[in-house]
Amino acid sequence: MAQEDIFKKVVSHCKEYGFVFPSSDIYDGLGAVYDYGQNGVELKNNIKQYWWQYMVLLHENIVGLDSAIFMHPTVWKASGHVDAFNDPLIDNRDSKKRYRADVLIEEQIAKYDEKIEKEVNKARKRFGDAFDEQKYRETSPRVQEEAAKRDTLHKRYQEVMNAPGGIDLEGMKQIILDEGIVCPISGTKNWTDVRQFNLMFKTEMGAAAEGASTIYLRPETAQGIFVNYLNVQKTGRMKIPFGIAQIGKAFRNEIVARQFIFRMREFEQMEMQFFVKPGTELQWFDEWRNRRMAWHQALGFGSENYRFHDHDKLAHYANAATDVEFKMPFGFKEVEGIHSRTNFDLSQHAKYSGKKIEYFDPDENISYTPYVIETSIGVDRMFLSVICHSYDEEQLPDGQTRTVLHLPAALAPVKLAVFPLTKKDGLPEKAREIIDELKFHFNCKYEEKDQIGKRYRRQDAIGTPFCVTVDNQTLEDNTVTLRFRDTMEQQRVNISELRGIIEDKVSITSLLKNLK
Ligand code: GAP
């Protein structure tokens, strides 16, 4: 099945099975805002647990924080967000649709790449085993032609993005015109000029309009950590190197909000700022780069589905940056950013607040402003990567298709579903007895509607790793049929064995143990 079709199916599956709904659905939704349903919230909470337990419980020198969404407006002046948290936007005069100019150009670059891949795939089919891919890429005139177009465009794009004095907005428009990029809705090239657009949402705090002050909905959780650096360091008697981790909502008025929960206007971040001695930051950057990749790969999705994208162009305050990218159905995309942010943020807050924000090193008897390594991952993007990778439509030997989410058991919303074979003879009571005992240890669900086969399918569709069926034999010998989601294998086991078989496999600890 084409990757695009898989993505469409994932989106409708998420709605049909209570994972993700459009926000305010009965009013036809709100652009790029989503609600997590009964199964989505469990999966999301499990992802957050996996991150929190790894970062905070397994690292002695990392502590947690939960800072407010509203912050003093000067925070955003100091951080640079008021002046520079912008995207370049362009409007199509005919469709009245607004686009990110940089995204239009990046999509054009991706189109050249797609054409190259199509050529290579065609040749692979044509030549079979004798196909020498590298040679073909180097010698095929068609591939060479597309690659030259892509490289020229890429070079021009880099030049406008890195122009001295900020992005060259006129240059961006010229690229869009020269490449003949059209609006996907109107099909025309009737573009406005490119303008900068600040992504922060504003509101007012205070009752009377005159006395009210402008407040921003935070566009990242990181600043809540920076402004609490002194509070946490002093009250926790933290010694450098140490980290502060936080999970929370962030808000961005994204111009292009597409691809479901990939780019949202209200989303959740899991961020950690790691404070280090100046001069050691690049070693720590490498360390966190490796640790974070290991955390991703411990889910078992295959290392070929991840890659780093090291940034050539760095923000003026950063001295190293990389993204962890995951292979989504629409290509490799950023899920997490890892940045070496120097002492920029703490120095800015010291300057704007007038407070001394430093660390006194008792061993060396010196004070300094710590440098910071940041790891920042979007919960919703992580959710999307997990669900896209897990979604499968299996062809069964009897010709039927089974839709199944092969979720890592520790992330699955429901761990065990218990079914009485029939609604009579005391089977429901026995099934409930099993749940009453096991529900203290993991999430269990009772189901008695429909035939067993249908019940299995419903649980497969939400990724439940274990199902148990209670039948008449259970009343005689206390055994049940235990069915495994991925293999569909069934085993007869004693009720007393269930906890031992299941608990370990569905706990977050089982994932964390992969990380040793
Ligand atoms: N404090 C650094 C920071 O916020 P970022 O690269 O802008 O860096 C970090 O964001 C992560 O947050 C991204 O890798 C992505 O997973 C997530 N993220 C950013 N914008 C998002 C959006 N509009 N919707 C969903 N997730 C988003």
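Structure: above.
Residues numbered from 1 in each chain as written. Predicted model: local features only at pLDDT ≥ 70, side-chain atom pairs only at ≥ 80, totals over all residues. Heavy atoms only, no water.

## Looking at the overall build of the chain
Along the backbone of the chain there are 18 helices and 23 strands. Projecting the C-alpha coordinates of the chain onto the three principal axes gives extents of approximately 80 × 65 × 55 Å. Looking at the 516 residues of the chain, the share that counts as buried comes to 49%. For the chain, the proportion of contacts with a sequence separation of at least 24, taken over those separated by at least 6, is 65%. Total accessible area on the chain is roughly 25,500 Å²; 48% of this is exposed by carbon and sulfur atoms. For the chain, the separation between the mean place of its 71 positive charges and that of its 78 negative charges on side chains is 2 Å. (Helix = DSSP H or I, 4+ residues; strand = E, 2+ residues; numbered from the N terminus. Buried < 20%, exposed > 50% of the residue type's maximum accessible area, 1.4 Å probe, protein only. Contact = heavy atoms within 4.5 Å. Areas by Shrake-Rupley, 256 points an atom, 1.4 Å probe, with all protein chains shown as cover. Lys, Arg positive; Asp, Glu negative; His and termini not counted. Charge placed at Lys NZ, Arg CZ, Asp CG, Glu CD.)

## Some thoughts on the packing of helix H14 (residues 427-438) against helix H17 (residues 495-506)
In the contact formed by H14 and H17, the axes pass within 11 Å of each other and the chain directions differ by 40°. The angle between the axes of H14 and H17 places the two elements in the oblique class. Taken as a pair, H14 and H17 cross one another with a handedness that is right-handed. Contacts between H14 and H17 pair Lys430, Ile434 and Leu438 from the former with Ile495, Leu498 and Arg499 from the latter. Looking at side-chain class alone, the contact of H14 with H17 contains four nonpolar, no polar and two charged residues. (Axes fitted to C-alpha atoms, helices over the stretch in contact; angles between N-to-C directions. Parallel < 35°, antiparallel > 145°, perpendicular 65-115°, else oblique. Left-handed = near helix turned anticlockwise from the far one by under 90°. Nonpolar A, V, L, I, M, F, W, Y, C, P; charged D, E, K, R; others polar.)

## A look at the environment of Asp5
By secondary structure assignment, the location of Asp5 is in helix H1 (residues 3-16). Spatially, the C-alpha atoms of Asp5 and Pro329 are 8.8 Å apart, while their sequence positions differ by 324 residues.

## Some thoughts on the site of the ligand
Close to the ligand lie 19 residues; Glu220, Met264, Glu271, Glu334 and Val335 are nearest. Take Glu220: an N or O atom from its side chain is 2.6 Å from a nitrogen atom of the ligand. The separation between a nitrogen atom of the ligand and a polar main-chain atom of Phe262 is 3.4 Å. Ranked by residues supplied to the shell around the ligand, first place goes to strand S13 (residues 331-340) with four residues. Residue classes in the shell around the ligand are distributed as five nonpolar, four polar and ten charged. (Near = heavy atom within 4 Å. Polar contact = N/O pair within 3.5 Å; in protein donor to acceptor, adjacent residues only side chain to side chain.)

## Points about the sheet that holds strand S6 (residues 195-198)
Adjacent strands of a sheet form backbone hydrogen bonds with each other and so pair up, either parallel or antiparallel. If you trace the three strands from one edge of the open sheet to the other, you get S5-S4-S6, paired in antiparallel fashion. Either end of the sheet is taken by a strand with one partner, and the two such strands are strand S5 (98-100) and S6. Taking each pair of neighbouring strands and ignoring which way they run, the sheet shows an average axis angle of 50°. Relative to S5, strand S4 (residues 86-91) runs antiparallel, the two sharing three bridges. By the bridge assignment, Ile90 is partnered in S5 with Tyr99. (Pairing = 2+ DSSP bridges.)

## Describing H1
Helix length check: H1 (14 residues) gives 20 Å between terminal C-alpha atoms against 20 Å at 1.5 Å per residue, within 8%. All of the buried residues along H1 are Phe7, Val10, His13 and Cys14. Each buried residue of H1 lies within a common arc of 125° when the element is viewed along its axis, so the set occupies one face. Those residues of H1 that are exposed and aimed more than 90 degrees away from the buried face are Glu4, Lys8 and Glu16. Where the residues of H1 are buried, they touch strand S1 (20-22), helix H13 (379-390), strand S17 (391-395), strand S18 (401-405) and helix H15 (452-462). Looking one or two residues beyond H1, the residue adopting positive phi is Gly18, at roughly 70°. (Expected span 1.5 Å × (residues − 1). Arc of directions from axis to C-beta.)

## Quick word on the nonpolar core
Judged by nonpolar contacts, the single largest core of 63 residues is most densely connected at Tyr50 and Leu384. In contact with Tyr50, other than residues within four places in its own chain, are Trp295, Ala298, Leu299, Leu411, Ile508, Leu511, Leu512 and Leu515. Ranked by size, the runner-up nonpolar core spans 23 residues in total, among them Ala431, Ile434, Phe466 and Ile502. (Core = buried A, V, L, I, M, F, W, Y, C linked by side-chain atoms within 4.5 Å.)

## A closer look at the side chain of Asp345
On the secondary structure map, Asp345 appears in helix H12 (residues 344-353). The buried category is assigned to Asp345, whose relative accessible area is 2%. There is a polar contact of 2.9 Å between the side chain of Asp345 and the side chain of Arg341. Residues contacting Asp345, with those up to four places away along its chain left out, are Gln223 and Phe226.

## Digging into unusual backbone geometry
In the segment running from Ile240 into Pro241, the intervening peptide bond is cis, with an omega of 5°. Mapping Pro241 onto the fold places it in the loop between helix H10 (229-235) and strand S9 (242-251). Even without a glycine there, the phi angle at Ser24 is positive, about 50°. Checked against the element boundaries, Ser24 lands in the loop between S1 and strand S2 (34-36). For Ser24, a relative accessible area of 34% corresponds to the partly exposed category. Residue Arg237 is not a glycine yet carries a positive backbone phi of 45°.

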